[in-house]
Amino acid sequence: MTLANKQLAAGWIFLTPATILIFIMSFYPIIKAFITSLKTGKGVNIAFADPLTYNYTRMLQDSIFMTSMKNTFFYLIIQVPIMLILAILLAQLLNNKDLKFKGLFRTCIFLPCATSLVSYSLIFKSMFATQGLINSVLMKIGIISENINWLGTPATAKAVIIIALIWRWTGYNMVFYLAGLQNIEYSVYEAAKIDGASGWKTFWYITVPLLKPTIVMTAIMSINGTLQLFDESMNLTSGGPANSTITMSHYIYNQAFGQGVGQLGYTSAMAFIVFILVGILAFISLKVGDTRD
């Protein structure tokens with residue numbers, strides 16, 4: 001064998017175990033889920049539907065699934081931009097070389113991300129209870145005159161979920177922006193300062209363009225996570241009131257396991273739709289963030 005062939009063979013030897021694991025753990029379940037989505041029935045008693053698209057057309061007639069999709073996209077449209085903007089601003093503030101106790105501030109903002117999903121959901125549920133901390137504080141400072149049923153009204157329940165998501169994940173995204181900011185040479189900012197650029201212009205015309213790859217990455221991760229949102233809907237509101245806050249993943253869980261229905265074909269079809277939506281939105285984000293000619 002030539003040296004090039006030996007190097008090629010060595011590369012494939014190292015790649016083969018990982019390739020096999022990726023296929024078994026990722027691609028095979030995707031293919032299996034798609035095949036299952038073409039079947040109908042309950043539990044193990046499932047067979048191919050007639051027509052094969054039955055589960056997909058059924059989704060269009062399922063009012064709860066359509067509600068869950070609307071709710072998920074509502075959280076996506078409202079929460080993701082607010083969270084990413086806050087993360088960039090916090091990263092910019094904490095990247096100041098003259099700021100004291102930077103490590104403490106960074107740790108405090110990142111800590112919510114390290115909190116257990118179930119634990120923080122229960123804490124927020126307690127805080128926003130009718131007799132909870134939030135109502136007590138708001139009444140004491142005179143903003144409200146009577147307790148608000150935060151988790152019992154559709155609009156306020158959605159607001160609580162959005163607040164919880166922002167509280168938990170802003171620090172996580174801030175870390176990525178901090179890493180990106182620290183890769184920008186400080187001389188660039190000094191040159192902008194010499195040219196008379198204001199703080200806002202420096203941020204908008206220098207920081208944001210140089211952070212675009214990081215912004216695209218965090219946007220894709222945030223979109224992916226929000227489309228698969230489950231814990232907050234499950235633990236904060238249980239999807240209520242009257243399914244007004246339920247998400248797609250929560251509804252899929254209910255149909256497969258939560259209510260003992262076991263409609264694996266139908267839930268596989270819904271999961272495959274979520275997979276397609278994640279792929280489409282990730283592709284759009286990559287195209288928007290691609291600045292190559």
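How each quantity is defined
- Here the residue numbering is sequential within each chain, running from 1 through the sequence in written order.
- Only residues with pLDDT of 70 or above have their local features reported here, since the model is predicted, and side-chain atom pairs are shown and tallied only from 80 upward, although totals for entire chains, interfaces and linings are computed over all residues.
- To obtain the side-chain values, all non-hydrogen atoms of the structure were included, while hydrogens and water were left out.
- Secondary structure follows DSSP: runs of H or I at least 4 residues long count as helices, runs of E at least 2 residues long count as strands, and numbering of each begins at the N terminus.
- Buried means the residue's accessible area, taken with a 1.4 Å probe over protein chains only, is under 20% of the maximum for its type, while exposed means over 50%, and partly exposed covers the values in between.
- Residues enter a nonpolar core if they are buried and are Ala, Val, Leu, Ile, Met, Phe, Trp, Tyr or Cys, with the set joined through side-chain atoms within 4.5 Å.
- Note on contacts: a residue pair is in contact if any heavy atoms of the two residues lie within 4.5 Å.
- For this analysis, a ring pair means two rings from Phe, Tyr or Trp (six-membered ring only for Trp) whose centres lie within 6.5 Å, classed as stacked if their planes differ by under 30 degrees, edge-to-face if by over 60, and tilted for the remaining angles.

Another aspect to go through is unusual backbone geometry. It is generally the case that most residues other than glycine have a negative phi and that most peptide bonds are trans. For the peptide bond that leads from Asp50 to Pro51, omega is 5 degrees, which places it in the cis range. Within the secondary structure, Pro51 sits in the loop between strand 2 (45–48) and helix 2 (54–61). Omega for the bond connecting Gly240 with Pro241 falls within 30 degrees of zero, at 0 degrees, which places this linkage in the cis form. Positionally, Pro241 belongs in the loop between helix 11 (231–237) and helix 12 (248–258). One non-glycine residue, Ala242, lies in positive phi territory at about 55 degrees. On the secondary structure map, Ala242 appears in the loop between helix 11 and helix 12. For Ala242, a relative accessible area of 78% puts it in the exposed group. Unlike most non-glycine residues, Asn243 shows phi in positive territory, near 60 degrees. Looking at the element boundaries, Asn243 is found in the loop between helix 11 and helix 12.

As a rule of thumb, nonpolar side chains are buried together in soluble globular proteins. In this structure, Met59, Phe65, Tyr177, Leu227, Met248 and Met270 are the most contacted members of the largest nonpolar core, which totals 53 residues. If near-sequence neighbours (up to four positions away) are discounted, Phe65 is found in contact with Met59, Met248, Tyr251, Tyr266 and Met270.

On inspection of all chains with the given rule, the structure shows 15 aromatic pairs. Ring centres of Tyr120 and Phe124 lie 5.8 Å apart, and the angle between their planes is 85 degrees; this geometry places the pair in the edge-to-face category. Of the two residues, Tyr120 and Phe124 both sit in helix 5 (residues 117–127), four residues apart, roughly one turn of that helix. Ring-pair connections join several aromatic residues into one group, and the members of that group are Tyr120, Phe124, Phe128, Trp150 and Trp167.

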